[in-house]
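Listed here are the chains, written in short residue letters.
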Amino acid sequence: MTSEAAVSTSPSMSSAPAKRDYYWVRSFVAGGVAGCCAKTTIAPLDRVKILLQAQSPHYKHLGVFSTLRAVPQKEGILGLYKGNGAMMVRIFPYGAIQFMAFDKYKKLLSKQIGISGHIHRLMAGSMAGMTAVICTYPLDMVRARLAFQVKGDHRYTGIANAFHTIYLKEGGVLGFYRGLTPTLIGMAPYAGLSFFTFGTLKSIGLKHFPEMLGRPSSDNPDVLILKTHVNLLCGGVAGAIAQTVSYPFDVARRRMQLGSVLPDSEKCVSLVKTLKYVYQQYGVKKGLYRGLSLNYIRCVPSQAVAFTTYEFMKQVLHLN
C-alpha cells in the first residue's frame, strides 16, 4: 500500500482529453466545496475580525469576545453572518482554483522544472494562493464592504449594489483591486506555509506512523490517507503557523479594501503607507496584530475543515 503523499493525484495514466477534463472538473468541485464548508464554519468570527481590524467606530472599544456578544445584541444573530452571501459567491471559485492550481503547480515544478522535496509544496502553495486571489479579488472586496456595515448605517443594499457603487465612484474596474498588492504579498507566505506545513506533516505521518495515523482511502484501498482527526490536527497547525507570519499584511489589505468607508482612508493608499500608519497610530499589538487572537480561533478550525473536507471530497469524487 502506498501513501497518498507519495503518489500523484493527476490522472496521468489516461491519455484521453475527455478524461483529463472530467478530472479537473471534479477537482474544481472538491476545492470549492472544501472552501465553502471551511468559511461557513467560521463566518461569525470573520465578521468580527473585519470590524476589529478596521477599527469600526461602533465596536472599536471592544475586544474579540465582547464584539461577538455585542453584534447579535445590536444587529440580531444574522448580523454575525453579514457579508457571508458574498463570501460564498467568492469562496467557491477561490477554494476550487486554489486547490486545483496547487496540484497543477506542484506537478509543473516537480516534473518540468525539476524542483521536488518539501520546497515544491511551499512554492506551489504560494503560487496557487496568489492565482486564486487575483481571480476572485473583486468578490472579496465587496464582501469586506458588506461585512463592515452596521445596522442603521448602511452604504450598500446588497452585492449587486456594492459592485455598482464601487464601479461608479471608485475608479471603475481598478476600484475593485484596491489593496491587491498587500493581499498578494500576504497570501504568498500564508498559502505557501499552509500547504507546505500540511503536506509535510501528512507525508511524515504516513511515512513513519502509517498504522497509527493512516487508513486506506475509500475510493482506492491501495492509497493510504490520514485519519480524519489527524487531518483536522494537521490542517489546524498549518493555519496557525501561516497566519502568524502573514497577519500584518491582512490588516493592511482590509484597511485598503474598505477605502472611503474609513475616515482615515487617505492614509491607506499603499501597502507601505498603510503599514506605517497603522504602526504609528496603533502600535504592534493594537494595530498590526489587532484581532490576531480571533484569527487563531478562526484560522485553526477553518484550515482544519478545509483540508479535511478536500481530502474527503477527493474520495467521494474518486480523485485519489
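Quantities reported herein were computed from a predicted structural model and do not represent experimental measurements. Each chain has its residues counted from 1, following the order in which its sequence is written. For a predicted model such as this one, the threshold for reporting local features is a pLDDT of at least 70, and the threshold for listing and counting side-chain atom pairs is 80 or more; totals across whole chains, interfaces and linings nevertheless cover every residue. By convention in this description, side-chain values take in all heavy atoms of the structure and omit both hydrogens and water.

Only C-alpha atoms enter the line fits that serve as axes; for helices the fit covers just the stretch in contact. Angles between N-to-C directions range over 0 to 180 degrees. Strands here mean DSSP runs of E at least two residues long; helices mean DSSP runs of H or I at least four residues long; both are numbered from the N terminus. Between helix α2 (residues 43-53) and helix α5 (residues 119-148), the shortest axis-to-axis distance is 9 Å and the interhelical angle comes to 80°. One element, α2, and the other, α5, form an angle in the roughly perpendicular class. In contact with Asp46, Arg47, Ile50 and Leu51 of α2, α5 contributes Arg143, Ala144, Ala147 and Phe148. Under the grouping applied here, Gly and all other residues not named as nonpolar or charged are polar, the nonpolar ones being Ala, Val, Leu, Ile, Met, Phe, Trp, Tyr, Cys and Pro and the charged ones Asp, Glu, Lys and Arg. Its residues assigned to classes, the contact of α2 with α5 shows five nonpolar, no polar and three charged. In this scheme, roughly parallel covers angles under 35 degrees and roughly antiparallel covers those over 145, while 65 to 115 is roughly perpendicular and the rest are oblique. The criterion used for residue contact is that any of the two residues' heavy atoms lie within 4.5 Å.

Right, let's talk about the pairing of strand β3 (residues 223-226) for a bit. Only protein chains enter the calculation, and the probe is 1.4 Å; a residue is then buried if its accessible area is under 20% of its type maximum, exposed if over 50%, and partly exposed in between. The alternating pattern of β3 places Val223 and Ile225 on one face and Leu224 and Leu226 on the opposite face, and all of these are buried. Strand pairing requires that DSSP identify at least two bridges connecting the strands. Sheet topology places strand β2 (residues 214-216) next to β3; three bridges connect them, and they run antiparallel. Across the sheet, residue Pro216 finds its bridge partner in β3, namely Leu224. The antiparallel hairpin formed by β2 and β3 contains six residues in its connecting segment.

Definition used for salt bridges: Asp or Glu carboxyl oxygen within 4 Å of a side-chain nitrogen of Lys or Arg. Under the criterion given, the structure shown has seven salt bridges. As a salt-bridge pair, Lys82 and Glu75 come within 3.0 Å of each other at their nearest N and O atoms. Taking relative accessible area as the criterion, Glu75 reaches 9% and is therefore assigned buried. Measuring nitrogen to oxygen at the nearest pair gives 3.2 Å for the salt bridge that ties Glu311 to Lys202. Separated by 109 residues along the polypeptide, Glu311 in helix α12 (residues 292-316) and Lys202 in helix α7 (residues 180-208) bring together distant segments of the chain. Each of Arg47, Glu75 and Lys82 takes part in salt bridges that share partners, so that together they form one network.

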